[in-house]
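Architecture and fold: a report
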Amino acid sequence: MSKHFTILGLPVEAGCGRSGCLMGPDSLRSAGLCEVISDLGGALNDLGNIVQPSSIVPTAGPAHLKKLPEIVAWTQHIQALAFDFASQDSFPIFLGGDHSMAAGTLSGIAQAAAQSGQSQFVLWLDAHPDLNTLSSSLSGNLHGTPMAYALGLHGFADIFPPLMAPIDPANICMMGLRSVDDAEHNVINELGLEVYDMQRLNALGVVKPIAGFLDRVAAAKGRLHISLDVDFLDPEIAPAVGTAVPGGASRREAHLIMDMICESGLATSLELSELNPYLDVKDKTAALLCDLAGSLLGQKSIKRGKKGG
Ligand code: MG
Ligand code: MG
């Protein structure tokens, strides 16, 4: 794992249908994310937050989609930045922002991986697979579509930026799902995606599934991106999300996943998405995300205890 960390705030909230995610990156900083990472001893470069693209061109698409031109513009912007950062010898940490940011991050890092001749793997930690296409989205909120775009599913061409390197469905592992639309179920089955919904995780535990996935990443000498949506976690411990679904991962399960990835040394990028500080309770969600990021990047559990994690 690179010891040079680059933080980039992506204050996107046009994809989730409510206000608040705009403040996600700054809330994570206020909760001490930069200090947690600096304490690990590597170099940290916090590039601040990017600004909303100024040129938003009218975009034709299914009429029920909300803020499509804004998300297309964000995706274009984020994709270029993600490609750039993933092409350098640093570990990018993207702070959201709603999960529509992943259309840009996933496509950008996958392009960089392809250019270096490596496979891009993604560990998707989320209550939702975000596999809706532009036509299948029921809510019209585009934070439900980024994985469909990054996989190259139909309907995005000519509306979203060209996809240079679609992610191979065989390189994705989804964990924590517990709210899946019918159309998304069909995609999961058609593509044969590796999915551990909460029911399976409750039965199996997290160790075996994570170990198996990490073995595959290692065997392929691939790159590994971790995309963490706040709603992966149980709302009791992480209330600051607009799409909370009961029955999510516990603090212990989430830390165990992060610890195992850390020990593997395979992670190459991270994104924290959907944090809505308006909905937080005494900043506990932001603090937990900082702890989990620290755990992923090498903070030992003894030290974590000092910060109340
Ligand atoms: Mg999501
Ligand atoms: Mg979600």
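Shown above is the structure to which this text applies.
We now turn to the structure provided with this report. (Residues numbered from 1 in each chain as written. Chains lettered and ligands numbered in written order. Predicted model: local features only at pLDDT ≥ 70, side-chain atom pairs only at ≥ 80, totals over all residues. Heavy atoms only, no water.)

1. Concerning the side chain of Ser295
Summarising the element assignment, Ser295 is placed in helix α10 (residues 284-297). What makes Ser295 buried here is its relative accessible area of 1%. Within the structure, the side chain of Ser295 is placed 2.7 Å from the side chain of Asp259, a separation counted as a polar contact. (Helix = DSSP H or I, 4+ residues; strand = E, 2+ residues; numbered from the N terminus. Buried < 20%, exposed > 50% of the residue type's maximum accessible area, 1.4 Å probe, protein only. Polar contact = N/O pair within 3.5 Å; in protein donor to acceptor, adjacent residues only side chain to side chain.)

2. A word on the coordination of the magnesium ion (ligand 1)
For a metal with four donors in a tetrahedral arrangement, the ideal angle between donors is 109.5 degrees, while six donors in an octahedron ideally sit at 90 or 180 degrees. His99 (ND1), Asp126 (OD), Asp130 (OD) and Asp229 (OD) make up the full set of protein donors to the magnesium ion (ligand 1), lying at 2.1 to 2.2 Å. Mapped onto the sequence, the residues coordinating the magnesium ion (ligand 1) show the spacing H-x26-D-x3-D-x98-D. Separating the magnesium ion (ligand 1) from the magnesium ion (ligand 2) is a distance of 3.2 Å, and Asp126 supplies a donor atom to each of them. Taken together, the positions of Asp130 in the loop between β4 (120-125) and α5 (146-150) and Asp229 in strand β7 (residues 223-229) put the pair 99 residues apart, joining distant regions of the chain. Accessibility expressed as a relative area gives 2% for Asp229, which makes it buried. (Donors = N, O, S within 2.8 Å, 3.2 Å for Na, K, Ca; no water.)

3. Re the coordination of the magnesium ion (ligand 2)
At 2.1 to 2.6 Å from the magnesium ion (ligand 2) lie its protein donor atoms, namely Asp126 (OD), His128 (ND1), Asp229 (OD), Asp231 (OD) and Asp231 (OD). Donor residues for the magnesium ion (ligand 2) sit on one chain with the sequence pattern D-x1-H-x100-D-x1-D.

4. Focus on a nonpolar patch on the surface
On the surface, Leu22, Met23 and Tyr278 cluster together into a nonpolar patch covering about 320 Å² of accessible area. You can see Leu22 is positioned in the loop between β1 (4-10) and α1 (24-30). On the accessibility criterion, Leu22 (43% relative accessible area) is partly exposed. (Patch = residues over 30% accessible without salt bridge, like charges linked within 9 Å, V, L, I, M, F, W, Y side chains within 5 Å. Areas by Shrake-Rupley, 256 points an atom, 1.4 Å probe, with all protein chains shown as cover. Salt bridge = Lys/Arg side-chain N within 4 Å of Asp/Glu carboxyl O.)

5. Notes on helix α8 (residues 207-219)
The first and last C-alpha atoms of α8 sit 18 Å apart over 13 residues, in line with the 18 Å expected at 1.5 Å per residue. Inspection of α8 places Pro209, Ile210, Phe213, Leu214 and Val217 among the buried residues, and these make up the whole buried set. The buried side chains of α8 occupy one side of the element, clustering within an arc of 125° when seen end-on. Exposed and oriented more than 90 degrees from the buried face of α8 are Lys208, Asp215 and Ala219. For α8, the secondary structure elements touched by its buried residues are β4, β5 (172-177), β6 (194-197), α7 (198-204), β7 and α9 (251-264). Once α8 finishes, Lys221 follows within two positions and takes phi at roughly 50°, a positive value. (Expected span 1.5 Å × (residues − 1). Arc of directions from axis to C-beta. Contact = heavy atoms within 4.5 Å.)

6. Side note on helix α3 (residues 68-86)
Counted at 1.5 Å a residue, the expected span for α3 with its 19 residues is 27 Å, and the 26 Å between its end C-alpha atoms agrees. Those residues of α3 lying buried are Leu68, Ile71, Val72, Ala73, Trp74, Thr75, Ile78, Gln79, Ala82, Phe85 and Ala86. Where the residues of α3 are buried, they touch β1, β2 (43-49), β3 (91-96), α4 (101-115), α5 and β7.

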